[in-house]
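Structural characterization, general
Next come the chains, spelled out residue by residue.
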Amino acid sequence: INFGTTTGHTFDLISGQGTIRLSADNFPNGDASAFVASGGGTVQYNGSGYTLSIPRTYNNMVVLLSNSTDAITLLSNYTTNGYVNIQRGILQINDNTSTTPLSLIVNQDFTVYSEGQLTVGTGNTIGTYSIPGTMPAIGQYHSIYHQLKIGGNLLNDGIIKLTNLSAPVYNQFANNGAVTLTFTGPANKSAILHNTTDLYNLIIDKGVDRTYMMEINSDNTNYFRLYGPNNVGRLEGAPFSGANPEVRKALWIKNGTLKLTGNIVIPSLSEGNTVSGNGDYPIPGNGALWIADQNVKVYSTARSASPELMLGTVGVNDGTSNQALSVYGEFRISAGYFNTRNSAGFIFWPDASAVVRIEGGLCDVAQFRSANGVAGGKTSFIMSGGEMMVRGNRQFTYNLDYTSGYQVNPDGGGEITGAYPTFGIVDPAGVFQMSGGKIYVTDDSGDNTYNSNGFCVQADKVNHTATGGVIYMLLNNSDNFDIVSDGPLYDLVINKYNGTTNAAVHMGSDLTLN
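Given the structure is predicted, the values throughout are model-derived calculations rather than measurements. (Residues numbered from 1 in each chain as written. Predicted model: local features only at pLDDT ≥ 70, side-chain atom pairs only at ≥ 80, totals over all residues. Heavy atoms only, no water.)

Turning our eyes to something else, we now look at the overall build of the chain. In terms of regular secondary structure, the chain is built from one helix and 40 strands. Since a compact globule built from 514 residues should have a radius of gyration of about 24 Å, the 26 Å found for the chain is in line with a globular shape. Taken along its principal axes, the extent of the C-alpha atoms in the chain is 90 × 45 × 40 Å. Relative to its 514 residues, the chain shows a buried fraction of 56%. In the form shown here, the chain has an accessible surface area of approximately 19100 Å², with 45% of it arising from carbon and sulfur atoms. A distance of 2 Å separates the average location of the 26 positive side-chain charges in the chain from that of its 38 negative side-chain charges. (Helix = DSSP H or I, 4+ residues; strand = E, 2+ residues; numbered from the N terminus. Rg over C-alpha atoms; globule rule 2.2 N^0.38 Å. Buried < 20%, exposed > 50% of the residue type's maximum accessible area, 1.4 Å probe, protein only. Areas by Shrake-Rupley, 256 points an atom, 1.4 Å probe, with all protein chains shown as cover. Lys, Arg positive; Asp, Glu negative; His and termini not counted. Charge placed at Lys NZ, Arg CZ, Asp CG, Glu CD.)

Structure follows, in structure tokens:
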């Protein structure tokens, strides 16, 4: 049925799986509960520009306007039990004056066709909130913006711009309109990005643990970008916890696994803690981050001169503190690149049992350590391939499997704490499993209670296996490295990347060679 722009239609019952076509905000009156329920019909918006100001719940919704430049503006909350398709024209969330955050909840797939766009108006929803200054209440950090929640797959062949910023601003809330996008639901889903997808805040909330996966695949590094602030610390108060805090960053892997494939660059996950709470980027206990393609690059933080930054990026913190990767859940890399730049590297905590799984690719980090020593900071380190460069703040060129002539620590700097080994699993309940890959330790940390400034694994022998892989101790000039291990190492190479080629080995206990 095509109602066009006509109004005043009333029916006793509206049901079926057909299509109601509208060219205004004029859905007919009547009992439409069956029509809008899951498995019901479709509402298709046609015509040119107009405003949708009445809250609606539909099954499926299609935007098919007369021209690709025509726009309909959403000024009320919408829910679809089925899908949303933007086939032609622009669906804009909010106008340029309203200050009320809106919600668009899509329980199934969201598709933007090549002639379609999803945008946001410039109306300011943040009120007096500011970084630093007045902050949203606990649990509300991402809610000061419009909410788009998608329970199915996302396919973008058109344009998605959920921010009006021209470049990321890492240290302040945007006051010109933005949307928080949340992927929801206990099921494996994907976001396939064939064109511009500019996001402000992104939340992964798939189920109640790491089981369900959200895969984001981008054709081009310009097709997936995050613009929101990431310089605020995490909160652990109720209903959150140390293991599963409120992550007040542009990216929050709340529940589920975020898998990155295709061509994606994330130049910064954290720029510190201008506002209270630990500012390291946390992977919560219920979450996992999986770098899974050779053209995916993720950095825990940025530096002002980092070439990966968009031109005009604001709010980069060149300091070292509160910009590391804190793992409560799981970090996994099977291809691609991860770098902690000048931060403290990988840190694990007593609140949860972290998993670091390296199957391929390259991790370039300052340090791999516990936050609290034997008192807490348990992790399972599982390596079957790839490379891990634990380099402190050293910079040098080295031939790797990842690439020959690799510039180690290309941005320079690195926070290294002498109280812990450079690479250390010091909790007896920790796990060290190495069946392949390569670990390079290239800087010494300092004197500590573990009698190791270099490589230390004190996991119980039942938790310690080594059936493959190589550990390289790369010395610089007169470096002295301490190697402590309560279990076996498969291959150990002691070499110098600078200075004389001679190296002396002093044994503190028996050495068995197999």
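Now that the structure has been shown, the text picks up again.
Enumeration according to the criterion identifies 12 salt bridges in this entry. Glutamate 330 is the salt-bridge partner of arginine 210, the closest N and O atoms lying 4.0 Å from each other. Here glutamate 330 lies in strand β27 (residues 330-339) and arginine 210 lies in the loop between β20 (201-205) and β21 (213-218), a separation of 120 residues in the sequence. Across the pair arginine 394 and aspartate 443 runs a salt bridge, and its minimum N-O distance is 3.3 Å. Of this pair, arginine 394 sits in the loop between β32 (379-390) and β33 (396-398) while aspartate 443 sits in the loop between β36 (431-441) and β37 (455-457); the two residues are 49 residues apart in sequence, bridging distant segments of the chain. Taking the relative accessible area as the measure of exposure, aspartate 443 reaches 5% and is therefore buried. Three or more residues are tied together by salt bridges with common partners; here these are Lys161, Asp198 and Arg225. (Salt bridge = Lys/Arg side-chain N within 4 Å of Asp/Glu carboxyl O.)

Among the nonpolar cores identified, the biggest contains 94 residues, and Phe110, Phe331, Phe381, Met388 and Phe423 are the most heavily contacted of them. Sorting elements by how many residues they give to this core places strand β23 (residues 251-266) first, with seven residues. (Core = buried A, V, L, I, M, F, W, Y, C linked by side-chain atoms within 4.5 Å.)

Next up on the list: the side chain of asparagine 476. For asparagine 476, the position within the fold is in strand β38 (residues 464-476). Leave out the neighbours within four places in its chain, and asparagine 476 touches Arg394, Tyr497 and Asn498. (Contact = heavy atoms within 4.5 Å.)

A word on the pairing of strand β30 (residues 362-365). Residues Leu362 and Asp364 point to one face of β30 and Cys363 and Val365 to the other, with burial holding for every one of them. For β27 and β30, the ladder comprises three bridges, and the chain directions are parallel. Bridge pairing in β30 places asparagine 339 opposite aspartate 364. (Pairing = 2+ DSSP bridges.)

This paragraph deals with the side chain of threonine 313. Summarising the element assignment, threonine 313 is placed in the loop between β25 (287-299) and β26 (325-327). There is a polar contact of 2.7 Å between the side chain of threonine 313 and the backbone oxygen of methionine 310. Not counting residues up to four positions away in its chain, the partners in contact with threonine 313 are Ala167, Pro168 and Tyr170. (Polar contact = N/O pair within 3.5 Å; in protein donor to acceptor, adjacent residues only side chain to side chain.)

Under the counting rule described, the total for this entry stands at 29 aromatic pairs. For the ring pair phenylalanine 331 and phenylalanine 346, a centre distance of 5.1 Å and an interplane angle of 75° mean the geometry is edge-to-face. Of the two residues, phenylalanine 331 sits in strand β27 while phenylalanine 346 sits in strand β28 (residues 346-348), which places them 15 residues apart along the sequence. Like phenylalanine 346, phenylalanine 331 is buried. Seen in terms of ring centroids, tyrosine 398 and tyrosine 440 are 5.7 Å apart; in terms of plane orientation they differ by 75°. Their pairing is edge-to-face. Placement of the pair is tyrosine 398 in strand β33 and tyrosine 440 in strand β36, with a sequence separation of 42 residues. Here tyrosine 398 matches tyrosine 440 in class, with each residue buried. A network of ring pairs unites the aromatic residues Phe331, Phe338, Phe346, Phe348, Phe368, Phe381, Phe423, Phe432 and Phe455 as a single cluster. (Phe/Tyr/Trp six-rings, centres within 6.5 Å; stacked < 30°, edge-to-face > 60°.)

The next point concerns the environment of valine 365. Take valine 365: it is sitting in strand β30. Separated by 92 residues in sequence, valine 365 and asparagine 273 place their C-alpha atoms 20 Å apart. Look past the residues within four positions of valine 365 in its chain and what remains in contact with it is Phe338, Thr340, Gly345, Phe346, Met388, Met389, Val390, Arg391 and Gly392.

By the secondary structure assignment, glycine 228 is in the loop between β22 (225-226) and β23. Counting along the chain gives 10 residues from glycine 228 to alanine 238, while the straight-line C-alpha distance between them is 24 Å. Setting aside residues up to four positions removed in sequence, glycine 228 forms contacts with Val169, Tyr170, Tyr200, Asn201 and Ala250.

On the surface, a nonpolar cluster with roughly 220 Å² of combined accessible area is contributed by Ile483, Leu492 and Ile494. Using a relative accessible area of 41% as the deciding quantity, one classes leucine 492 as partly exposed. (Patch = residues over 30% accessible without salt bridge, like charges linked within 9 Å, V, L, I, M, F, W, Y side chains within 5 Å.)

Most peptide bonds adopt trans geometry, and most residues besides glycine take a negative phi value. Of note, the amide linkage connecting isoleucine 131 to proline 132 takes the cis form, showing an omega dihedral of -15°. Checked against the element boundaries, proline 132 lands in the loop between β13 (110-120) and β14 (146-150). A cis geometry characterises the amide bond from alanine 238 onward to proline 239, with omega recorded as 10°. When you line up the elements, proline 239 lands in the loop between β22 and β23. The phi dihedral of asparagine 94 is positive, around 75°, even though this residue is not glycine. Here asparagine 94 lies in the loop between β11 (84-93) and β12 (103-106). On the basis of relative accessible area, asparagine 94 is assigned to the buried category, the value being 0%.

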